[in-house]
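Okay, here's what each chain looks like letter by letter:
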Amino acid sequence: MPDAAPSPDAQASIATFDALVIGAGFAGLYALHLLRNQQGLKVRVLEAADGVGGTWYWNRYPGARCDSESWSYCFQFDDALVQEWTWSERYPRQPEILRYLNHVADRYDLRRDIAFSTRVTGARFDEASDRWVVTTDRGERLAAPFLITAVGCLSAANIPDIPGLADFRGRWVHTGEWPHEGVDFRGKRVGMIGTGSTGIQAAPVIAEEAAQLTVFQRTPNYSVPAQNHPLDDAFRARKKAEWPVLRRLMRSNTNGHPYTISERDTFSVSEEERRAAYAQAWDQGGLSFRATFRDMMVNKAANDEASAYIRERIRAIVKDPRTAELLTAFDHPFATKRPPIDTGYFETFNRDNVRLVDIRATPIERIAADGIVIGGETIPLDIIVFATGFDAMTGPLLKLGIAGPGGRTLAEAWAEGPRTYLGLGVEGFPNLFTVTGPGSPSVLTNMPVAIEQHVEWIASAIAWARANRVARIEATGEAARNWTAHVNEVAERTLYPTAKSSWYLGANIPGKPRVFMPYLGGLGRYREICDEVAASGYRGFAVTPLRG
Ligand code: FAD
Ligand code: NAP
């Protein structure tokens, strides 16, 4: 429930804590658990929503599911929690994941230290007291030596600036800010802009309910079937029994998912074997299609083989050849943009009430009172769904209004793109820790595993700083420069930067600097680097002792 409005006194005074955490998704919940329940610190979590869950609180659009396997898309830090929770499906729907996160909040008694319906509007480092002073949209001020941003990589909705939106007489919604009461599509003419993971999940479900669905596609997207299904007791029991081994695998491999990347190269096998491997991965479904051959993301010819196979499978599904052509006119190698997985996406285009419109060839001119205008034609619409993604990774951080010593803002520091040390610390911003920040493996992984690693590292760093009477711990310029260069070098060795319209590069947001943001060196190796940094007494961080 929302907190009561602050009193005038509360507005004037500053509440003080040992640490402040922004966000109550996976990251913020775990940060609170570690810092308060394990270290005994006085912690306050600030959360814009009126409940926990983050991504799973906001993304209530039809068809919303995870596409990590349910039994791996969860906290791993407590075996008892793993053993007691029961997932219903391979890829559960949003309400089930939100239920899980609410269970976590209750199980570890987290709610009492979370201020809901409280958006952080500013965070300024006070040099005299070596504390962050945070301001909120409720007029409160809170201070703590340590500030942890757990604001998520995909929490700032991107609503494109299409002329005329204000004139639209129908209803419009963004998938990442979906109304809690739902949207009634019955009998409605619906236009959906965007064919990323979200649009691909939403289209089949909207099409079943709406009178007419028009999908506006700018860039065709690959997708592999999810092959979702209910889980049975025997499967669940087996995974729980194997948990120690699976956990070790997820914590040490490249992507935190419970599968292993093949050791075979694409052209080391015959064409027949290659096709059999793709067919098996397709039938098995899910994100592990990427793992069929180990050179898929570094060798263009290898990737072309996988792409050709996917194209062929999609063409076999979609009956209208022109639509099939539009859906498979890929302009980037497979998986260089985050690959969706789907349940009946391509089949949806065989329905009489679904139309695909190519806005790459003929861009949207404007939104009119009664629909979307394209090529001089108005496509009449009652509802527009923006499945247009997020200002990813840097967006939620820059919206916090962070200013370090001397009043230098994070926006100024990152004018040419984000620069971090390990995606955890930023030069010029002492005692600020960014969970899954740019420069970390984060969005390339099964995220709860990456989040746990980050939060554990940050909690240890704070414990170390407190034990060693440290006033400020701050990434050095040299460490941040070297790490950012390393992140770029690793990316350049792969095919990922060749996807020019990817949000990994910031390319989905007009004016955003084009920098490949996530770290491609692998979660296992990255964990080792972070552990080495901690063991060395925080190499690459400058440390200032407490005064007096
Ligand atoms: P979030 O869950 O995004 O939580 C951040 C919180 O910070 C939000 O509640 C937000 O309200 C709050 N916040 C932000 N700014 C402020 C502010 N200024 N003041 C106060 N509060 C603020 N990852 C996977 O690995 N597998 C998946 O299958 C998967 N599925 C996904 C499906 C969707 C639809 C989306 C959008 C993402 C998916 N992801 C998936 C990525 C997902 O974001 C992460 O897995 C994970 O949920 C992130 O948790 P988090 O706590 O870091 O951030
Ligand atoms: P996205 O991948 O960024 O896709 C946005 C779509 O909107 C793209 O098709 C994009 O076209 C289009 N678009 C953006 N701006 C546009 C404009 N101005 N005009 C026309 N089209 C425009 O966003 P998303 O689908 O919400 O997914 C974002 C990320 O969230 C995913 O990559 C994934 O990490 C996560 N996610 C995960 C799941 C899951 O795991 N179950 C589900 C949903 C989301 P272009 O490609 O041409 O830019």
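The structure displayed is predicted, hence computed values, not measured ones.

Definitions and limits used
- Residues numbered from 1 in each chain as written.
- Chains lettered and ligands numbered in written order.
- Predicted model: local features only at pLDDT ≥ 70, side-chain atom pairs only at ≥ 80, totals over all residues.
- Heavy atoms only, no water.
- 1 Å grid on protein atoms, 1.4 Å probe; cavity = no way out; pocket = protein on both sides within 12 Å on 5 of 7 lines; lining within 4 Å.
- Points joined across faces, edges and corners; volume = space filled by probe spheres on them.
- Domains from an automatic or database assignment.
- Near = heavy atom within 4 Å.
- Polar contact = N/O pair within 3.5 Å; in protein donor to acceptor, adjacent residues only side chain to side chain.
- Areas by Shrake-Rupley, 256 points an atom, 1.4 Å probe, with all protein chains shown as cover.
- Helix = DSSP H or I, 4+ residues; strand = E, 2+ residues; numbered from the N terminus.
- Contact = heavy atoms within 4.5 Å.
- Nonpolar A, V, L, I, M, F, W, Y, C, P; charged D, E, K, R; others polar.
- pLDDT = per-residue confidence, 0-100.
- Pairing = 2+ DSSP bridges.
- Axes fitted to C-alpha atoms, helices over the stretch in contact; angles between N-to-C directions.
- Parallel < 35°, antiparallel > 145°, perpendicular 65-115°, else oblique.
- Left-handed = near helix turned anticlockwise from the far one by under 90°.
- Buried < 20%, exposed > 50% of the residue type's maximum accessible area, 1.4 Å probe, protein only.

## Quick notes on the layout of surface pockets
Here is step 1 of the chain: As a volume, the second largest pocket reaches approximately 510 Å³.
Here is step 2 of the chain: Built from parts of two domains, the lining of the second largest pocket gets at least three residues from each of domain 1 (8–156 + 392–545) and domain 3 (261–331).

## Focus: the site of ligand 2
Here is step 1 of the chain: Neighbouring ligand 2 are 24 residues, the closest being R65, D67, T198, T219 and K337.
Here is step 2 of the chain: Within the side chain of Q201, a nitrogen or oxygen atom sits 3.1 Å from a nitrogen atom of ligand 2.
Here is step 3 of the chain: Between ligand 2 and the protein, one listed contact pairs an oxygen atom with a backbone N or O atom of A387 at 3.3 Å.
Here is step 4 of the chain: Considering ligand 2 on its own, with 900 Å² of exposed area, one finds that the protein chains cover 88% of that surface.

## Comments concerning unusual backbone geometry
Here is step 1 of the chain: Residues other than glycine seldom take positive phi values, yet D109 does so here, at roughly 55 degrees.
Here is step 2 of the chain: Counting through the fold element by element, D109 comes out in the loop between α5 (94–107) and β4 (114–115).
Here is step 3 of the chain: With phi around 65 degrees, Y538 is a residue other than glycine that occupies positive phi space.
Here is step 4 of the chain: Summarising the element assignment, Y538 is placed in the loop between α17 (523–535) and β22 (541–545).

## Topic: the side chain of K512
Here is step 1 of the chain: Mapped onto the secondary structure, K512 falls in the loop between α16 (477–492) and α17.
Here is step 2 of the chain: Separated by 2.8 Å, the side chain of K512 and the backbone oxygen of A392 make a polar contact.
Here is step 3 of the chain: What K512 contacts, discounting residues up to four positions off in sequence, is D391, A392, T394, G395, G506 and M517.

## Side note on the site of ligand 1
Here is step 1 of the chain: Of all residues adjacent to ligand 1, which total 32 residues, the nearest are E47, T55, D67, Y73 and M447.
Here is step 2 of the chain: Measuring from an oxygen atom of ligand 1, one finds a side-chain N or O atom of W58 at 3.0 Å.
Here is step 3 of the chain: Here a nitrogen atom of ligand 1 sits 2.9 Å away from a polar atom, N or O, in the main chain of V120.
Here is step 4 of the chain: Protein chains shield 95% of the accessible area of ligand 1, which is 990 Å² for the free molecule.
Here is step 5 of the chain: Elements with a minimum of two residues in the shell around ligand 1: α2 (26–38), α3 (55–58) and α15 (447–467).
Here is step 6 of the chain: For the shell around ligand 1, the element with the most residues is α3, which contributes 3 residues.
Here is step 7 of the chain: Grouping the amino acids of the shell around ligand 1 by side-chain chemistry returns 17 nonpolar, 12 polar and 3 charged.

## Observations regarding the confidence of the model for the protein
Here is step 1 of the chain: In this model, the protein carries a mean pLDDT of 96, and residues with pLDDT of at least 70 account for 98%.
Here is step 2 of the chain: pLDDT under 50 marks residues 1–11. Its contacts with residues more than four places away, or in other chains, come to 14 contacts.

## Topic: empty space enclosed by the protein
Here is step 1 of the chain: Counting across every chain of the model gives 4 cavities of 30 Å³ or more.
Here is step 2 of the chain: Estimated volume of the largest cavity: approximately 150 Å³.
Here is step 3 of the chain: Looking at the largest cavity, it is lined by 15 residues, and the ones nearest its centre are W71, V82, W85, W87 and K240.
Here is step 4 of the chain: Per-element accounting of the lining of the largest cavity gives the leading share, 4 residues, to helix α7 (residues 233–241).
Here is step 5 of the chain: Roughly 70 Å³ of internal volume is contained in the second largest cavity.

## Looking at the sheet that holds strand β16 (residues 371–374)
Here is step 1 of the chain: Strand order in the open sheet formed by 3 strands is β15-β16-β17, and the pairing between neighbours is antiparallel. At either margin of the open sheet sits one strand with a lone partner, and together these are β15 (364–368) and β17 (377–380). Within this sheet the neighbouring strands show an average axis-to-axis angle of 25 degrees, counted without direction.
Here is step 2 of the chain: In the sheet, β15 pairs with β16 via 4 bridges, with the strands oriented antiparallel. Paired with R366 across the bridge in β16 is V373.

## Some thoughts on the packing of helix α9 (residues 271–284) against helix α10 (residues 300–317)
Angle between the axes and distance between the axes are the two parameters that describe a pair of packed helices.
Here is step 1 of the chain: Contact geometry for α9 and α10: axes closest at 11 Å, N-to-C directions at 55 degrees. The angle between α9 and α10 falls in the class oblique. Along this stretch, α9 crosses α10, giving a crossing that reads as right-handed. Only A302, E305, A306, Y309, I310, E312, R313 and I317 of α10 make contact with α9, whose side of the interface consists of R274, R275, Y278, A279, W282 and D283.
Here is step 2 of the chain: Partitioning the contact of α9 with α10 into residue classes produces 8 nonpolar, no polar and 6 charged.

## Looking at the side chain of H174
Here is step 1 of the chain: Position of H174 relative to the elements: it lies in strand β9 (residues 171–174).
Here is step 2 of the chain: Note on H174: relative accessible area 2%, which makes it buried.
Here is step 3 of the chain: A polar side-chain atom of H174 sits 3.3 Å from the main-chain carbonyl oxygen of N158.
Here is step 4 of the chain: Among the polar contacts listed, one links the side chain of H174 to the backbone oxygen of G389, at a separation of 3.0 Å.
Here is step 5 of the chain: Setting aside residues up to four positions removed in sequence, H174 forms contacts with A157, N158, I159, F386, T388, G389 and F390.

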